[in-house]
Structures are given as C-alpha cells and as structure tokens.
Amino acid sequence: MTENNGVAEVEVAAVVAKEVVKDESPIIFYCKDCEEVVQTARVGGKYVYSCKKCGTKNVAFGTRKSIYGFFRIEEREKEKLREKKRMEKMRQLKENKPQKEEESAEDLKNLE
C-alpha cells in the first residue's frame, strides 16, 4: 500500500464516519409525563431539563435512535395510526348504516 492510497482510504473513512455521526448525534428530549419528544429548558448546571410543554423535570435525553428504541415510540405511533383507522372505519359504518335501514324500509313499503 502506498502513502497516497492510505491517505485516500482514511479520508473516505472519515467522510463515511461523519455521515453516520450526523444521523446519530442530534440529542432529542423525551418527556415521560407528556409521553412525546419535546422542547426543553436547562435547569441548573447539571444534566437536568424541564419540559416546556408541562413544566416537569421528568425528561430523558439521548439520540433519536436510543430514545425511540427505549421508549418504543415508533410502535406507539403505529398503534395510534391503527386505532385512528379503526375509529374512521367505525364512523363510516355508523354513517352508512342508517342509509341502509332507510333503503330497506322503502323496499318493504314497495313490496306491500
């Protein structure tokens, strides 16, 4: 291996490492009371943060991957989506049900 190849390989590795770090390094804050990712205010000089939404100090922080994995946020979001779709179907069924009853009442009158 020549000097130039070794330097080029190191530069490529550094660029790849920077791209990986960009994805993992931003710190996010998760309020355990609000149960969502929130904005915070620092309290004192230590690693204590308060939630700007509810004001409590019950805030965890970490990378997006670690917070989403530990608190299973993506699973909750998927569950909320499923519940929302289910509620929408229920609402549509309720809206359609009276129309069908009216149609069957009219059909019965026509049969007489």
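So, here is what we can say about the structure in this document. Note that this is a predicted model, so its numbers are computed, not measured.

1. Considering the sheet that holds strand β1 (residues 27-31)
Then, number 1: The sheet built from three strands is open, its strands ordered β2-β1-β5 with antiparallel pairing. Single-partner strands in this sheet number two, and they are β2 (36-38) and β5 (59-63). For this sheet, the mean angle separating the axes of adjacent strands, direction not counted, is 45 degrees.
Then, number 2: In this sheet, β5 lies alongside β1 in antiparallel orientation, the contact comprising five bridges. By the bridge assignment, Cys31 is partnered in β5 with Val59.

2. So, the packing of aromatic side chains
Then, number 1: Applying the stated criterion across every chain yields a total of six aromatic pairs.
Then, number 2: Between Phe29 and Tyr49 the ring centres are 4.7 Å apart and the planes differ by 55 degrees, which places this aromatic pair in the tilted class. With Phe29 in strand β1 and Tyr49 in strand β4 (residues 49-51), the pair connects residues that are 20 residues apart, well separated along the chain.
Then, number 3: Look at Tyr49 and you get buried, because its relative accessible area is 13%.

3. Details of the pairing of β1
Then, number 1: Of all five residues in β1, four are buried, a share of seventy percent or more.
Then, number 2: As judged from the three bridges shared by β1 and β2, these two strands associate in the antiparallel manner. Paired with Phe29 across the bridge in β2 is Val38.
Then, number 3: Turn length for the β1-β2 hairpin, with the two strands adjacent in sequence and antiparallel, is four residues, and the turn residue Glu35 shows positive phi of about 60 degrees.

Reading the values: rules and limits
- Residues numbered from 1 in each chain as written.
- Predicted model: local features only at pLDDT ≥ 70, side-chain atom pairs only at ≥ 80, totals over all residues.
- Heavy atoms only, no water.
- Pairing = 2+ DSSP bridges.
- Helix = DSSP H or I, 4+ residues; strand = E, 2+ residues; numbered from the N terminus.
- Axes fitted to C-alpha atoms, helices over the stretch in contact; angles between N-to-C directions.
- Phe/Tyr/Trp six-rings, centres within 6.5 Å; stacked < 30°, edge-to-face > 60°.
- Buried < 20%, exposed > 50% of the residue type's maximum accessible area, 1.4 Å probe, protein only.

Taken by themselves, the reported measurements are silent on function.
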